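Residues per chain, in single letters:
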Amino acid sequence: MTKGWTSSDIPDQSGRTAVVTGSNSGIGYVIARELARRGARVVLACRNEARGTEAEARIRREVPGAEAVFAPLDLADLSSVREFAAGYTGGALDLLINNAGVMALPYRRTADGFETQFGVNHLGHFALTGLLLPKLLATPGARVVSMSSGAHALANIDIDDLNSEHGYRRWIAYGRSKTANLLFVHELARRLAATGSPLVAAAAHPGYADTNLQTAGVRMEGRRAAERLALLGNRLIAQPAEAGALPALYAATAPGVRPDSFTGPRFLAWRGAPAPSWRAKWTTNDTAGERLWAASEQLTGVSYAGVQP
């Protein structure tokens, strides 16, 4: 891995198409913008139409000639995920960046009754990837990149309580959802290898980046002091979203990225240039990956044709 890799090192993406979830702001926006800057056609898959169309217009202003288009996607509603996948008419799909996520929210449920962090961070992306898989498999050089977090180290999944019905602690639930992201990548990579597919499934994390994730949960509860503290931490300690996006951009575009790799910031997995990142041993457990996969297929109703064991 090249020391000091930056967005200027992204290879030419002309003729390639990327879907980036949660790309109306923060890290997702930077990922979409930089891929467009290198010539990719970028689909901004976002929940909020007003913010999504504004992000589309902003990319076109910042990158003259950019191909960027907004498409509605609510990962907290599986019917929306299915509508997005059914409506994708872009032909080949070179990159799917599963970036969108929520963090440390008060207990909520998705439209389908799942605990929100598990439902959005894992199940929504599991369903989206499965529904788009035929296009990914048919596209030479395609990659799937899922955004996890160093906070996956907070907790392994509880396969018997995936929706935190037996007790809810917001940070533990977040850690479990980020562990689920890594287990998903591990199991998908294992299945792809077993079928001889060249599709690369990899993971990344942004370290501590200045985004709205840190404030969303406390803002929902009206905890003004906690919100101010989070904003202060972002200002004093966090790296900017432009730096936080680099690990995912590396995983999506750099030559030689290995399946089931995990890329994060170099310095203490907190900030700096992309580098291989430490991951908890439970995120490479084949049995756990298989069990989570089976549960995810059952919960979402999405089966992965072509990569069954």
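Residue indices follow the written sequence of each chain, beginning from 1 at its first position. Local features in this predicted model are restricted to residues of pLDDT 70 or higher, and side-chain atom pairs are both shown and tallied only at a pLDDT of 80 or more, whereas totals for entire chains, interfaces and linings draw on every residue. Side-chain measures here rest on the full set of heavy atoms in the structure, leaving out hydrogens and waters.

(A) Quick peek at the packing of aromatic side chains. Each pair of aromatic rings taken from Phe, Tyr and Trp, with Trp reduced to its six-membered ring, is defined by centres within 6.5 Å and is described as stacked if the planes are under 30 degrees apart, edge-to-face if over 60, and tilted in the remaining cases. Scanning the entire structure with this criterion turns up 9 aromatic pairs. Ring centres of Tyr107 and Tyr168 lie 4.9 Å apart, and the angle between their planes is 80 degrees; this geometry places the pair in the edge-to-face category. Remark: Tyr168 occurs in the loop between strand E5 (143-147) and helix H5 (170-195) and Tyr107 occurs in the loop between strand E4 (95-98) and helix H4 (116-137); sequence separation between them is 61 residues. We classify Tyr107 as partly exposed; its relative accessible area is 29%. Burial classes: relative accessible area under 20% of the type maximum marks a residue as buried, over 50% as exposed, and values in between as partly exposed (1.4 Å probe, protein chains only). Note on Tyr168: relative accessible area 22%, which makes it partly exposed. Judged by centre distance (5.7 Å) and plane angle (65 degrees), the rings of Phe126 and Phe184 are edge-to-face. Of the two residues, Phe126 is situated in helix H4 and Phe184 in helix H5; the sequence distance between them amounts to 58 residues. The class for Phe184 is buried, based on a relative accessible area of 4%. Strands are runs of DSSP state E lasting at least 2 residues, helices are runs of H or I lasting at least 4, and numbering of each runs from the N terminus.

(B) The arrangement of helix H1 (residues 26-37) in detail. The length a helix should cover is 1.5 Å for every residue beyond the first. Relative to the 16 Å expected for 12 residues at 1.5 Å per residue, H1 spans 17 Å between its end C-alpha atoms, a close match to the ideal helical length. Counting buried residues in H1 gives 10 out of 12 residues, a clear majority hidden from the surface. Looking at H1, one finds that the buried residues are Ile27, Gly28, Tyr29, Val30, Ile31, Ala32, Arg33, Glu34, Leu35 and Ala36. In the stretch just after H1, Gly39 is the one whose phi turns positive, near 105 degrees.

(C) Spotlight on the pattern of salt bridges. The rule for a salt bridge is simple: a side-chain nitrogen of Lys or Arg has to be within 4 Å of a carboxyl oxygen of Asp or Glu. Using the criterion set out here, one finds 13 salt bridges in the structure. Between Glu62 and Arg33 there is a salt bridge, and its shortest N-O distance comes to 3.4 Å. Note that Glu62 is positioned in helix H2 (residues 49-62) and Arg33 in helix H1, a separation of 29 residues in sequence. According to the relative accessible area criterion, Glu62 is partly exposed, its value standing at 33%. Put simply, Glu56 and Arg60 hold a salt bridge, and the shortest N to O gap is 3.5 Å.

(D) Fine view of the pairing of strand E1 (residues 17-21). Of all 5 residues in E1, 5 are buried, a share of seventy percent or more. Side chains Thr17, Val19 and Thr21 project from E1 onto one buried face, and the interleaved Ala18 and Val20 project onto a second face that is buried too. Bridge count between E1 and strand E2 (residues 41-46): 5 bridges; the pairing is parallel. By the bridge assignment, Val19 is partnered in E2 with Val43. The parallel pair E1 and E2 is bridged by H1, and the resulting crossover is right-handed. Pairing analysis gives 3 bridges linking E1 to E4, with the strands arranged parallel. A strand pair is defined by DSSP finding two or more bridges across the two strands. Here is how to tell: hold the view so the strands point away, follow the path from the first strand over the helix to the second, and if it runs clockwise the crossover is right-handed.

(E) Expanded view of the pairing of E4. The side-chain alternation of E4 yields two buried faces, one formed by Leu95 and Ile97 and the other by Leu96 and Asn98. Note that the unit made of E4, H4 and E5 has a crossover that is right-handed.

(F) Representation of empty space enclosed by the protein. Site definitions follow a grid-based scheme: protein atoms alone, a 1 Å grid, a 1.4 Å probe that fits but cannot get out for cavities, and for pockets an open set with protein on both sides within 12 Å along at least five of seven lines, plus lining residues having an atom within 4 Å of a point. Grid points are joined across faces, edges and corners, and a volume is the space filled by probe spheres set on the points. According to the stated counting rule, one finds 2 cavities of 30 Å³ or more in the structure shown. The volume enclosed by the largest cavity comes to roughly 70 Å³. Taken together, Glu115, Phe118, Ile157, Asp158, Asp161, Leu162, Ser164, Ala173, Arg176 and Ser177 make up the full set of residues lining the largest cavity. Taken together, the residues of the lining of the largest cavity break down into 4 nonpolar, 2 polar and 4 charged. Roughly 40 Å³ of internal volume is contained in the second largest cavity. Of all the elements in the fold, those that place two or more residues in the lining of the second largest cavity are H4 and H5. Counting residues per element, the lining of the second largest cavity draws most heavily on H4, which supplies 4 residues. Basically, the charged four are Asp, Glu, Lys and Arg, the nonpolar ten are Ala, Val, Leu, Ile, Met, Phe, Trp, Tyr, Cys and Pro, and anything else, Gly included, counts as polar.

(G) Highlighting the confidence of the model for the chain. Think of pLDDT as the predictor's per-residue confidence, scored from 0 to 100. Averaged over every residue, the pLDDT of the chain is 90; the share at 70 or more is 88%. Here, residues are in contact when the closest pair of their heavy atoms is within 4.5 Å. Throughout residues 214-219 the model reports pLDDT below 50, and contacts reaching past four residues in sequence, or to other chains, amount to 17 contacts. Taken as a whole, residues 230-234 scores under 50 in pLDDT and shows 10 contacts with residues more than four places along the chain or in a different chain.

(H) Focus on the packing of H5 against helix H10 (residues 286-300). Running from N to C, H5 and H10 point in directions that differ by 95 degrees, and their axes come no closer than 9 Å. Classified by the angle between their axes, H5 and H10 sit roughly perpendicular to one another. Listed contacts from H10 to Ala180, Leu183, Phe184, His186, Glu187, Leu188, Arg190 and Arg191 of H5 are Asp286, Ala288, Gly289, Glu290, Leu292 and Trp293. The class makeup of the residues in the contact of H5 with H10 is 7 nonpolar, 2 polar and 5 charged. Only the stretch in contact is used when fitting a helix axis, every axis being a line fitted to C-alpha atoms; angles between N-to-C directions are given from 0 to 180 degrees. Roughly parallel covers angles under 35 degrees, roughly antiparallel covers those over 145, roughly perpendicular covers 65 to 115, and oblique covers all other angles.

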